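Structural overview for review
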Amino acid sequence: MLPQKLYYLTLHLKPRITSMRPSLKPSLNPLISLTKSLAVATVALASIAPNLHARSAFASENNLTVAEQYLFAAANEARANQGLSPLRLDPVLTEASALHAREMANHAAISHQFDGEPELATRGANAGAHFSLISENVGEAPSSVIIHDLWMHSPSHLANLLDPNVDSIGIAIVTRDNQLYAVEDFASTVKILTLNQQERTVAGVIAQSGMRVAEATEDARQTCTMSTGYAGSRQPWFIMRYTAASLNAIPSQLKSRLTSGKYHQAVVGACPATRKSSFTAYNIAVLLYP
């Protein structure tokens, strides 16, 4: 299911912010107060300055402006304060963010989708990103410091910034009439692996249970593509087909089968995704034999 769009009330026309949360998260609908002072923003800038300096060389190599560098450093500073892993600056997500920031500047408005524009997940996929989750913060204000400060004081925007499930970020700012139109796209990225790599990874997890795992076969891969039944002449006693964004864990039902004592050999088959979707996942079949 694609993320739902939630638009939040503001007390003034400018500055403005909105966020888009993944649909699997609880919906939040706060009333945002826009009474933050420039003094507060100045303090925020001073507190983040050392981190901004430390990251400036890296961010400059990735063609970020000073305002964008600030948002990147400030986001990771906020996560570090909560003991969370830093976000990786993703050039593909940044490209998607830049396209949307230009749309906001062209419309002189903030939104997560304008008429004729793809929605968030499609924008990310069209840019070439591979993800299992994606969310977005957008904002408009005279400076990036004010925008970040507003995001930090909004529960929904802060939830995006501090989401432990995301690992990457794309950042873009476009200026029009002395207003900054900012976009932060967050994602949980999915690695692109060959079928062999997928099968070896799942086989390694299964082997930890003590189960003997045989080499993958074309029959196992063909079975992965089938909704029912199996390919080949050797009949499995049990087949588990599943789709996942991570290969480091297996379904609980499969775990219980592996420890039941009924099976002594497993074969893993991976297959490409057949359903077109903006989200990326692995398709796996595990065949168990006596």
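Let me sum up the structure you'll find in this document.

With that settled, the discussion passes to the side chain of histidine 148. Of note, histidine 148 is situated in helix α5 (residues 144-152). For histidine 148, a relative accessible area of 6% puts it in the buried group. Ignoring anything within four residues of it in the chain, the contact list for histidine 148 reads Tyr70, Leu71, Ala74, Ala75 and Leu161.

A few words on the packing of aromatic side chains. As enumerated under the stated definition, the model contains 2 aromatic pairs in all. Consider the rings of phenylalanine 131 and phenylalanine 279, whose centres lie 5.4 Å apart with planes at 80 degrees: the pair is edge-to-face. Taken together, the residues span a long stretch of sequence, with phenylalanine 131 in strand β3 (residues 131-141) and phenylalanine 279 in the loop between β8 (265-271) and β9 (282-289) at a distance of 148 residues. For phenylalanine 131, a relative accessible area of 0% translates into the label buried. With a centroid separation of 6.4 Å and an interplanar angle of 45 degrees, the aromatic rings of phenylalanine 238 and tyrosine 263 are classed as tilted. Here phenylalanine 238 is found in strand β7 (residues 238-244), whereas its partner tyrosine 263 is found in the loop between α9 (252-258) and β8, with 25 residues between them in sequence.

The strand order β6-β8-β9-β7 describes an open sheet built from 4 strands, whose pairing is mixed. Lying at the two open borders of the sheet, with one neighbouring strand each, are β6 (212-214) and β7. The mean inter-strand angle of the sheet, taken between neighbouring strand axes irrespective of direction, is 30 degrees. When β7 meets β9, the two strands line up antiparallel, connected through 7 bridges. Pairing of tyrosine 242 across the sheet is with isoleucine 284, part of β9. Across the sheet, helix α8 (residues 218-225) touches β7, β8 and β9, and the angle it forms with β8 is around 60 degrees.

Before going further, it helps to spend a moment on helix α4 (residues 120-127). Taken together, the buried positions of α4 are occupied by Leu120, Ala121, Arg123, Gly124 and Ala127. Down the axis of α4, the buried set is contained in an arc of 160 degrees. They therefore lie on one face. N-capping of α4 is provided by glutamate 119, with a side-chain oxygen placed 3.0 Å from the backbone N of alanine 121. Looking one or two places after α4, you find glycine 128, whose phi comes out positive at around 110 degrees.

A few words on the pairing of β8. For β8, the buried fraction is high: 7 of the 7 residues fall into the buried class. Every second residue of β8 is oriented toward a common face, with Gln265, Val267, Gly269 and Cys271 on one face and Ala266, Val268 and Ala270 on the other, all of them buried. Direction of pairing for β8 relative to β9: antiparallel, over a ladder of 7 bridges. Note that in β9 the partner of valine 268 across the bridge is valine 286.

Counting 23 residues, the largest nonpolar core has Leu71, Phe72, Ile147, Trp151, Ile169, Ala182 and Phe186 as its most contacted members. Within the residue set of this core, elements represented by two or more residues are α2 (66-81), β3, α5, β4 (168-176) and β5 (179-189). Not counting residues up to four positions away in its chain, the partners in contact with leucine 71 are Ser144, His148, Trp151, Ile171, Ile173, Ala182 and Glu184.

Rules used throughout
Here the residue index of a chain counts from 1 through its sequence in written order. Totals for whole chains, interfaces and linings use all residues, but because this is a predicted model, local features are given only for residues with pLDDT of at least 70 and pairs of side-chain atoms are given and counted only at 80 or more. Based on all heavy atoms of the structure, the side-chain values leave hydrogens and waters out of the count. Labels follow the DSSP assignment, with helices taken as runs of H or I lasting at least four residues and strands as runs of E lasting at least two, numbered in each case from the N terminus. Residue burial is assigned from relative accessible area. The probe radius is 1.4 Å, only protein chains are included, and a residue is buried under 20% of its type maximum, exposed over 50%, and partly exposed in between. In what follows, residue pairs with any heavy atoms lying within 4.5 Å of each other are defined as contacts. In this analysis, rings of Phe, Tyr and Trp, with Trp reduced to its six-membered ring, are considered paired at centre separations within 6.5 Å, and the interplanar angle assigns stacked below 30 degrees, edge-to-face beyond 60, and tilted for intermediate values. When DSSP finds two or more bridges between a pair of strands, those strands are recorded as paired. Geometry is summarised by axes, namely lines fitted to C-alpha atoms with helices restricted to the contacting stretch, and by angles between N-to-C directions that run from 0 to 180 degrees. It is the directions from the helix axis to the C-beta atoms that the arc portrays. For the purposes of these results, a polar contact is taken to be a pair of N or O atoms within 3.5 Å, where, inside protein, one atom must be able to donate a hydrogen and its partner to accept one; residues adjacent in sequence count only when each atom of the pair is a side-chain atom. Buried Ala, Val, Leu, Ile, Met, Phe, Trp, Tyr and Cys residues that are joined via side-chain atoms within 4.5 Å together make up what is termed a nonpolar core.

None of this, on its own, says anything about what the molecule does.
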